[in-house]
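# Reading the structure
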Amino acid sequence: MDTYMAADLPFHGSPVVPEMCDGSKSIRFQCRKGIACWNACCSNIDISLTPYDILRLKQRLNLSSGEFLQQYTVPYELEKDGIVGVKLRPVENGTACRFMTPEGCGVYEDRPTSCRYYPVALLSMRRQDEYTDTRSYALVKESHCLGHNEPRELTIDEYRSEQGVAEYDELARGWRQLILKKKSSGPSIGKPSKSSLQMFFMVCYDIDRFRAFVVSEGFNELYDLDMEETIEILGDDTRLMLFGFRFLKQVLFGENTIPLKEDAATKRMERYRDKLQKMEQEAVERRMAEQDGMYEEPDA
Ligand code: SF4
Ligand code: SF4
């Protein structure tokens with residue numbers, strides 16, 4: 001099973017049917033236990049995860065986001081500017097999904113978005129002068145998948161509703177917008193810095209580390225969140241994730257929705273000056289120590 005969620009799909013030579021359609025399009029498809037290709041799609045995976053997919057899976061497995069990322073995922077370059085995405089890691093020395101069981105998906109209620117969509121591909125696009133993304137779909141026809149021969153017709157909207165993707169789409173919207181926005185902002189904004197890429201990774205995928213960041217002294221010196229909002233955000237992974245998307249829009253694109261403390265800029269400047277002074281002092285001490293060393297008598 002491959003995932004097809006980018007805006008610029010390589011239609012040529014891929015199993016994606018080169019016809020974009022909307023949710024009213026009828027498709028013929030059914031996946032059912034007992035079908036001859038049962039589990040074929042989960043035996044060869046290439047599944048990108050959204051931030052909400054990670055929340056659901058780490059909660060189900062009772063792991064911290066850091067543990068989940070380490071045990072079950074691999075990073076990959078989502079965009080050529082270095083924006084990183086996360087994919088499910090297959091079994092050791094194989095291509096099958098770690099959650100595959102003879103009965104089917106072992107995490108079915110929390111399976112990722114692209115597993116829910118399959119065999120439909122979601123194409124999310126955004127024009128440079130628009131903020132909201134538009135959605136269309138395409139059908140993925142892989143030769144091993146016999147579900148396309150089953151005698152059942154339904155619209156893509158009906159299929160999405162059957163697979164419960166509305167919630168997943170809604171909660172991944174902010175993340176998709178960030179990626180599309182970066183993508184369509186072009187050279188005027190330029191290549192993101194290493195620290196902004198690290199920030200993007202932490203906020204989008206490593207929610208428990210982001211939580212620790214939100215309670216840190218540095219964050220609270222700068223941002224002016226009221227206590228009630230902070231408690232609500234910190235106590236709920238999903239709210240924290242949505243807050244994280246707002247936070248990234250602010251730090252990466254200057255869309256200010258999180259109030260800053262009035263004296264934050266001054267404090268930042270002071271900290272920066274202190275840091276510079278400390279570095280200069282260390283450099284002077286190092287130079288003096290080197291000079292002293294030069295005049296010391298060598299050991300006999
Ligand atoms: S998460 Fe479930 S549905 Fe998705 S590839 Fe793994 S076993 Fe298959
Ligand atoms: S019908 Fe398609 S989606 Fe269902 S088990 Fe077979 S290969 Fe997988």
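Look above for the structure.
Residues numbered from 1 in each chain as written. Chains lettered and ligands numbered in written order. Predicted model: local features only at pLDDT ≥ 70, side-chain atom pairs only at ≥ 80, totals over all residues.

## So, the overall build of the protein
Looking only at helices and strands, the protein has 11 helices and 9 strands in total. Across the 300 residues of the protein, 25% fall into the buried class. By sequence separation, contacts in the protein at least 24 residues apart represent 74% of the contacts at least 6 residues apart. (Helix = DSSP H or I, 4+ residues; strand = E, 2+ residues; numbered from the N terminus. Buried ≥ 20, exposed ≤ 12 C-beta atoms within 10 Å, placed from the backbone. Contact = placed C-beta atoms within 7 Å.)

## Brief notes about the site of ligand 1
Among the 12 residues in the neighbourhood of ligand 1, the closest are listed as Cys42, Cys97, Phe99, Cys105 and Cys115. Looking at the shell around ligand 1, its residues break down into 11 nonpolar, no polar and 1 charged. (Near = placed C-beta within 6 Å. Nonpolar A, V, L, I, M, F, W, Y, C, P; charged D, E, K, R; others polar.)

## Considerations on the site of ligand 2
For ligand 2, the full set of nearby residues is Cys31, Ile35, Cys37, Trp38, Asn39, Ala40, Cys41, Tyr118, His144, Cys145, Leu146 and Gly147. Split by residue class, the shell around ligand 2 holds 9 nonpolar, 3 polar and no charged.

## Quick look at the packing of helix α9 (residues 227-234) against helix α10 (residues 237-253)
Pairs of packed helices are described in terms of their axes, by the angle between the two and the distance that separates them. Look at α9 against α10: their axes get within 6 Å of each other, and the N-to-C directions meet at 115 degrees. With respect to each other, α9 and α10 are oriented roughly perpendicular. Contacts between α9 and α10 involve Glu232, Ile233 and Leu234 from the former and Arg239, Leu240 and Phe243 from the latter. A breakdown of the residues in the contact of α9 with α10 according to their chemical character gives 4 nonpolar, no polar and 2 charged. (Axes fitted to C-alpha atoms, helices over the stretch in contact; angles between N-to-C directions. Parallel < 35°, antiparallel > 145°, perpendicular 65-115°, else oblique.)

## Concerning the sheet that holds strand β3 (residues 73-77)
Read across the sheet, 3 strands follow the order β2-β4-β3 without closing on themselves; strand pairing throughout is antiparallel. The sheet is open, and its two edges are formed by β2 (48-49) and β3, each paired on a single side. Summarising the sheet, β2 and strand β4 (residues 84-88) pair through 2 bridges and their orientation is antiparallel. Considered in β4, the bridge of Ser48 is made with Lys87. (Pairing = 2+ DSSP bridges.)

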